[in-house]
Amino acid sequence: MNEEQRKAGSLDVLNHRDKEEKDYSKYFEHVYQPPSLKEARKRGKEEVQYNRDFQIDEKYRGMGNGRTFFIKTYGCQMNAHDTEVMAGIFGALGYTPSTDINSADVILLNTCAIRENAENKVFSEIGNLKHLKKERPDCLIGVCGCMSQEESVVNKILKSYQNVDMIFGTHNIHKLPEILEEAYMSKAMVVDVWSKEGDVIENLPKVREGNIKAWVNIMYGCDKFCTYCIVPFTRGKERSRRPQDIIDEVRDLARQGYQEITLLGQNVNSYGKDLKDIEYGLGDLFEDISKIDIPRVRFTTSHPWDFTDHMIDVIAKGGNIVPHIHLPVQSGNDAVLKIMGRKYTRESYLDLVERIKAKIPDVALTTDIIVGYPNETEEQFQDTLTLYDEVGFEHAYTYIYSQRDGTPAAKMKDNVPTRVKKERLQTLNKKVGEYCQEALKRYDNEVVTVLCEGTSKKDDEVLAGYTDKNKLVNFRGPKDVIGKLVDVKITDPRQYSLNGEFVGIHDAMVAQ
């Protein structure tokens, strides 16, 4: 993206601290537009540029010497990975991480916009930090991530949260050194939000959380435009990384001894569709990564519309692509799916499930479901329950519909009472618990392979980890097995987890 394009789609530095000013809209005129389905669909035909020569300007190095930073992360795995990148940039600038938000010199809130509750938590945290800014006016407070891509959020911060020093979005994380410098130099709030997505920046520094599991972005953005979802507006159009860049990153992680990676994207199944010079999709990437010596490979999030038979075939071969597929259905009723903009029907979803189970009989299927969508009837909700029975999901993440300003669903009439929504969620969650418990019962007295990730959150004397099908297992054993694949005999299947006895280090050769 050249400088003219960047200026056309961004808020540069907004020098404004006037508490008397009531009309903030003029500060956004011509340089910032609110999320709009019509505008966001105009994804443009500009080719995505790949910057493999990213370097932090030497003039910024040392900026953080003697200073600390703290990042609080909300939301999805993509946000968690963005935090790893920002931590890497902070480290390159000389900052050291702090575990105490109250003593850090720079505080970033990496935000999520997927649900109203997530936004409320962020605004509450910003409010809590007002006293800190009064006590330590030299500390910098920043808001970044998906919420920062919403005009209404930026307006609200400008109007009510003068303790915030900087706001930047999801497309320009690589500009963090410049944003920090501007925040130090200016007494004004620094707002640098690009409404147009940027290029794909490779070789960004990262500080990964732990050395056992790693996130690997394979693409950015989403073109699906589900009517309830703000992500296409906050993350921009789909941009796939080049295959070799991904493969090189995975190989490097394997060399470092990582035991598991998760391939990330807002819709990983559409990976490669925007690569015009080659025919290369997620199934092809699976095949190439399956040749790399890393024990486990996961992927999320999948859209059923783009799940190909080639992907199914590669997973069915075994190897390191795990037999756990998270496949969000959202609703089991065709009319609701249509107004959600999901682009598939109940029948086509069940047909996909049938094809997956035919090729991968031992697959573990999990899903996402929204209840109480605008005007959802009791009969339509019952369709969701019966679909759950037909598929037999082993787990589900369930939600009450949350209106997001700027999405088409926000304009729909919602005549489902809150009481009814909560009752439906409770009914659905009861079913989820029953199926989860039934799935875990099948492991009783079985020996499973667990990637031991550390000690249990509830007991430091108990170790914990996950099977390839993402089942949580707790067991007692020597702490030197942390970070390794181990065999555990299940002795106590519970509703949402498994307890077992340590058998020994997993021998892959014996297992074969």
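Quantities reported herein were computed from a predicted structural model and do not represent experimental measurements.

Conventions and cut-offs
Residues numbered from 1 in each chain as written. Predicted model: local features only at pLDDT ≥ 70, side-chain atom pairs only at ≥ 80, totals over all residues. Heavy atoms only, no water. UniProt positions renumbered as here; feature names shortened; annotations may be inferred. Helix = DSSP H or I, 4+ residues; strand = E, 2+ residues; numbered from the N terminus. Axes fitted to C-alpha atoms, helices over the stretch in contact; angles between N-to-C directions. Left-handed = near helix turned anticlockwise from the far one by under 90°. Contact = heavy atoms within 4.5 Å. Nonpolar A, V, L, I, M, F, W, Y, C, P; charged D, E, K, R; others polar. Disulfide = S-S within 2.5 Å. Buried < 20%, exposed > 50% of the residue type's maximum accessible area, 1.4 Å probe, protein only. Parallel < 35°, antiparallel > 145°, perpendicular 65-115°, else oblique. 1 Å grid on protein atoms, 1.4 Å probe; cavity = no way out; pocket = protein on both sides within 12 Å on 5 of 7 lines; lining within 4 Å. Points joined across faces, edges and corners; volume = space filled by probe spheres on them. Domains from an automatic or database assignment. Expected span 1.5 Å × (residues − 1). Arc of directions from axis to C-beta. Phe/Tyr/Trp six-rings, centres within 6.5 Å; stacked < 30°, edge-to-face > 60°. Lys NZ or Arg CZ within 6 Å of the ring centre and 35° of its normal.

The UniProt feature table records "domain: TRAM" (unreviewed entry) at residues 441-504. As annotated, residues 441-504 comprises 2% helix and 53% strand, and the C-alpha atoms at either end are separated by 22 Å.

This part covers the packing of helix α3 (residues 77-92) against helix α7 (residues 176-185). Direction vectors running N to C along α3 and α7 enclose 65°, while the axes themselves pass 10 Å from each other. α3 and α7 meet at a crossing whose hand is right-handed. Facing M86, I89 and F90 of α3, the residues of α7 in contact are L176, P177 and L180. For the contact of α3 with α7, a count of residues per class yields six nonpolar, no polar and no charged.

In this structure the tally under the stated criterion is zero disulfides. The thiol sulfur of C112 is not disulfide-bonded, and the nearest other cysteine sulfur, from C76, lies at 6.3 Å. The exposure class of C112 is buried, given its relative accessible area of 9%.

The N-to-C vectors of helix α13 (residues 346-359) and helix α14 (residues 378-391) enclose an angle of 15°; their axes lie 11 Å apart at closest approach. The angle between α13 and α14 places the two elements in the roughly parallel class. Taken as a pair, α13 and α14 cross one another with a handedness that is right-handed. Side by side, α13 and α14 meet where R346, Y349, L350, V353 and K357 of the first sit next to D383, T386, L387, E390 and V391 of the second.

Turning our eyes to something else, we now look at unusual backbone geometry. A cis amide bond links T300 with the next residue in sequence, T301, at an omega value of 5°. You can see T301 is positioned in the loop between β14 (296-300) and α11 (309-316). Positive phi outside glycine occurs at N203, with the angle close to 65°. Mapped onto the elements, N203 comes out in the loop between β9 (200-201) and β10 (213-217). Phi is positive for N375, close to 70°, though the residue is something other than glycine.

Quick look at empty space enclosed by the protein now. Going through the model one piece at a time under the given rule, you end up with one cavity of 30 Å³ or more. The calculated volume of the largest cavity comes to roughly 360 Å³. Every element with two or more residues in the lining of the largest cavity is listed here: α3 and β9. Here the residues of the lining of the largest cavity are counted per class, giving six nonpolar, nine polar and eight charged. When residues of the lining of the largest cavity are assigned to domains, at least three fall in each of domain 1 (27-192) and domain 2 (200-441).

Turning to α13, a few remarks are in order. In a regular helix each residue adds 1.5 Å, so 14 residues correspond to 20 Å; α13 covers 20 Å between its end C-alpha atoms and thus fits that length. Looking at α13, one finds that the buried residues are R346, Y349, L350, L352, V353 and I356. The buried residues of α13 occupy one face: seen down the axis, they fall within an arc of 155°. Seen from the buried face of α13, the exposed residues on the opposite side, beyond 90 degrees, are E347, E354 and A358.

Turning to the layout of surface pockets, a few remarks are in order. Size it by volume and the second largest pocket reaches roughly 970 Å³. Forming the boundary of the second largest pocket are 34 residues, of which G319, P323, T449, D468 and H506 lie nearest the centre. Top contributing element to the lining of the second largest pocket by residue count: strand β18 (residues 447-455), with three residues. Structurally, the lining of the second largest pocket is a two-domain feature, drawing no fewer than three residues from each of domain 2 (200-441) and domain 3 (446-505).

This part takes up the packing of aromatic side chains. Within the structure shown, the criterion is met by 14 aromatic pairs. Pairing F225 with F233 gives two aromatic rings, centres 6.0 Å apart and planes at 65°, and the pair type is edge-to-face. Comparing F225 with F233, the two get one shared label, buried. When the centroid spacing of 5.0 Å and the interplanar angle of 70° are considered together, the rings of Y373 and Y401 count as edge-to-face. Remark: Y401 occurs in the loop between β17 (395-400) and α15 (418-441) and Y373 occurs in the loop between β16 (364-371) and α14; sequence separation between them is 28 residues. Here Y373 falls in the buried class, since its relative accessible area comes to 0%. Put simply, the rings of Y344, Y349, Y388, F393 and Y435 touch in pairs and so form one group of aromatic residues. Against the face of Y184 rests R67, its NZ or CZ located 4.0 Å from the ring centre. The lysine or arginine in question, R115, covers the ring of Y399, its NZ or CZ lying 3.4 Å from the ring centre.

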